[in-house]
Amino acid sequence: KKGCIVAGVLAPHPPHLVYAENPPQNEPRAECGWENLRWGYERLRKNLENIDFDTLVVLSPHWQTYVGTHFLGVERFSSVSVDPIFPNLFRYHYDLTVDVSLAETMERHAREAGLVTRMMRNPDFRVDYGTIVSCHLTRPAWDKPIVSISSHRSTHYFSPDVMLASSLKLGHATREAIEASGKRVVLLASNSLSHRHFTTEAEVPEDMSREHIYHHGQYLWDMKVIELMKAGKTRELVELVPDFTEQTVAETDSGALTWMLSALDFPSYPAEVHAYGTVIGTGNAVVEWAHEAHLVSGGAA
Ligand SMILES: N=c1ccccoc1=O
Ligand SMILES: [Fe+2]
């Protein structure tokens, strides 16, 4: 049976969102914070309750590899993830399982497409917080295995256009691998949008009177990108990503969003924007492409 991508999600990973949720896995305690984004994730989770799927596949800007694209290649990882910048907010005890066979299929398809790839087999590897935060907020029960994909740094080593070409190829290989696997998969592009941000923290980090748009120009870029998602103009969006990345130092520099849109074969149906909000001034949007539903309904993919 042919596998399929049942949904794609722009799933931002600020650790502040997990901090404010107060899950048992995270040591620090918060009194509130960033409710609009967290309620947006609640709406996403409610939609996903009605969708049967096997595996969460996430590409994270915070697993940075300098030579090629790496895939977690060990069945289980269990340790504590401490955010390097916000250890006061995020000290998260994770225990997760990896769909190694799907990861290996993806790695093979990517390699055969000419990309530089590697399976990560170190059982002591510390899983990055971007992977953990996006998977937690999407599926806090952790009842599904994941595939985690690293982000190489072509945007900074070479240019946003080099990253774009590579991420589009990786997305195509990802789709082929999922179809060959027979599995039902949800893709998570774990990135924020505009990424200029405050450099000092409030006395109480979750003091929402201190959370706001960092810069009007960054906000306008985010709104432009979100409008294209809502309009189903993802090919136009992908063309814009190099400029968007450079103009707003956006986390699209990771290739995560363009990888996902390529794997979804550039959907022309509207995406559902569950929420937009800032975290220390960075722009974040929780956005869902209900892919299988649109394929089945005959809506253009
Ligand atoms: N992308 C991020 C945005 C905001 C705050 C913290 O961490 C992040 O990694
Ligand atoms: Fe980030």
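Structural data are supplied above this passage.
The paragraphs below set out a description of the structure included in this document.

Taken together, His13 (NE2), His62 (NE2) and Glu251 (OE) make up the protein donors of the iron ion (ligand 2), found 1.9 to 2.1 Å from the metal. When its relative accessible area of 6% is taken as the criterion, Glu251 is described as buried.

Time to look at helix α3 (residues 100-112). Over its 13 residues, α3 extends 18 Å from the first C-alpha to the last, a length consistent with the 18 Å expected when each residue adds 1.5 Å. The complete set of buried residues in α3 reads Val100, Leu102, Ala103, Thr105, Met106, Glu107, His109 and Ala110. On its buried face, α3 is in contact with β2 (55-65), β3 (69-72), β6 (117-120), β7 (146-152), α6 (160-181) and β8 (184-189). Immediately downstream of α3, the backbone of Gly114 shows phi near 100°, a positive value.

Attention now moves to the packing of aromatic side chains. Ring pairs (aromatic) are described by centroid distance and by the angle formed between their planes. Scanning the entire structure with this criterion turns up 9 aromatic pairs. Judged by centre distance (5.9 Å) and plane angle (65°), the ring pair of Tyr66 and Tyr157 falls under edge-to-face. Remark: Tyr157 occurs in helix α5 (residues 154-157) and Tyr66 occurs in the loop between β2 and β3; sequence separation between them is 91 residues. Overall, Tyr157 belongs to the exposed group, its relative accessible area being 52%. Of note, Lys144 hangs over the ring of Phe53, and the distance from its end group to the ring centre comes to 5.2 Å.

This part covers the environment of Ala113. Here Ala113 is to be found in the loop between α3 and β6. Remark: the alpha-carbon pair of Ala113 and His172, spanning 59 residues in sequence, is separated by 9.0 Å.

Around ligand 1 there are 13 residues in total, and His13, His62, Tyr129, His195 and Glu251 lie nearest to it. In this structure, Glu251 approaches ligand 1 through a side-chain N or O atom, which is 3.1 Å from a nitrogen atom. Here ligand 1 loses 97% of its free accessible area of 260 Å² to cover by the protein chains. When atom positions are compared with the pocket grids, ligand 1 is found to occupy the largest pocket. Residues belonging to the shell around ligand 1 are distributed by class as follows: 6 nonpolar, 6 polar and 1 charged.

A separate point is the state of the cysteines. All chains considered together, the criterion is met by 0 disulfides. Take Cys4: it sits in no disulfide, and the sulfur closest to it among the cysteines is that of Cys135, at 18 Å. With relative accessibility at 18%, the residue Cys4 sits in the buried group. Since its relative accessible area comes to 1%, Cys135 is described here as buried.

With that out of the way, let us pick up helix α8 (residues 234-248). A maximum bend of about 45° is found in α8 at Leu240, where proline Pro242 lies one to four positions downstream. For α8, the complete set of buried residues consists of Thr234, Leu237, Val238, Leu240, Val241, Pro242, Phe244, Thr245 and Thr248. Next to the buried residues of α8 lie α5, α6, α7 (216-230), α9 (256-263) and β10 (282-289). Positive backbone phi, approximately 40°, marks Val249, located one or two places after α8.

Time to look at the pairing of β2. With 9 of its 11 residues buried, β2 lies for the most part within the structure. Sheet topology note: the β2/β8 ladder contains 5 bridges and is parallel. Within β8, the residue paired with Thr55 across the bridge is Val185. Of the strand pairs in this sheet, β2 and β7 are connected by 6 bridges, and their pairing is parallel. Paired with Leu56 across the strands is Ile146, a residue of β7.

This next bit is on the environment of Leu220. With respect to the helices, strands and loops of the structure, Leu220 is situated in helix α7. Exposure remark for Leu220: the relative accessible area of 47% places this residue in the partly exposed category. For the pair Leu220 and Ser194, spaced 26 residues apart in sequence, the C-alpha separation works out to 9.7 Å.

It is worth spelling out the layout of surface pockets at this point. If you add up the space inside the largest pocket, you get close to 290 Å³. Contributing to the lining of the largest pocket are 16 residues, with His62, Ile85, Phe86, Tyr129 and His195 lying nearest its centre. Tallied by class, residues from the lining of the largest pocket come to 8 nonpolar, 7 polar and 1 charged. Around the second largest pocket sit 15 residues that line it, and Gly68, Val116, His152, Ser154 and Phe158 are the ones nearest its centre. No other element matches the 3 residues that α6 contributes to the lining of the second largest pocket.

Criteria and cut-off values
Residues numbered from 1 in each chain as written. Chains lettered and ligands numbered in written order. Predicted model: local features only at pLDDT ≥ 70, side-chain atom pairs only at ≥ 80, totals over all residues. Heavy atoms only, no water. Donors = N, O, S within 2.8 Å, 3.2 Å for Na, K, Ca; no water. Buried < 20%, exposed > 50% of the residue type's maximum accessible area, 1.4 Å probe, protein only. Helix = DSSP H or I, 4+ residues; strand = E, 2+ residues; numbered from the N terminus. Expected span 1.5 Å × (residues − 1). Contact = heavy atoms within 4.5 Å. Phe/Tyr/Trp six-rings, centres within 6.5 Å; stacked < 30°, edge-to-face > 60°. Lys NZ or Arg CZ within 6 Å of the ring centre and 35° of its normal. Near = heavy atom within 4 Å. Polar contact = N/O pair within 3.5 Å; in protein donor to acceptor, adjacent residues only side chain to side chain. Areas by Shrake-Rupley, 256 points an atom, 1.4 Å probe, with all protein chains shown as cover. 1 Å grid on protein atoms, 1.4 Å probe; cavity = no way out; pocket = protein on both sides within 12 Å on 5 of 7 lines; lining within 4 Å. Sits in = over half its atoms within 2 Å of the grid points. Nonpolar A, V, L, I, M, F, W, Y, C, P; charged D, E, K, R; others polar. Disulfide = S-S within 2.5 Å. Bend = angle between axes of the 7 residues up to and from the residue. Pairing = 2+ DSSP bridges. Points joined across faces, edges and corners; volume = space filled by probe spheres on them.

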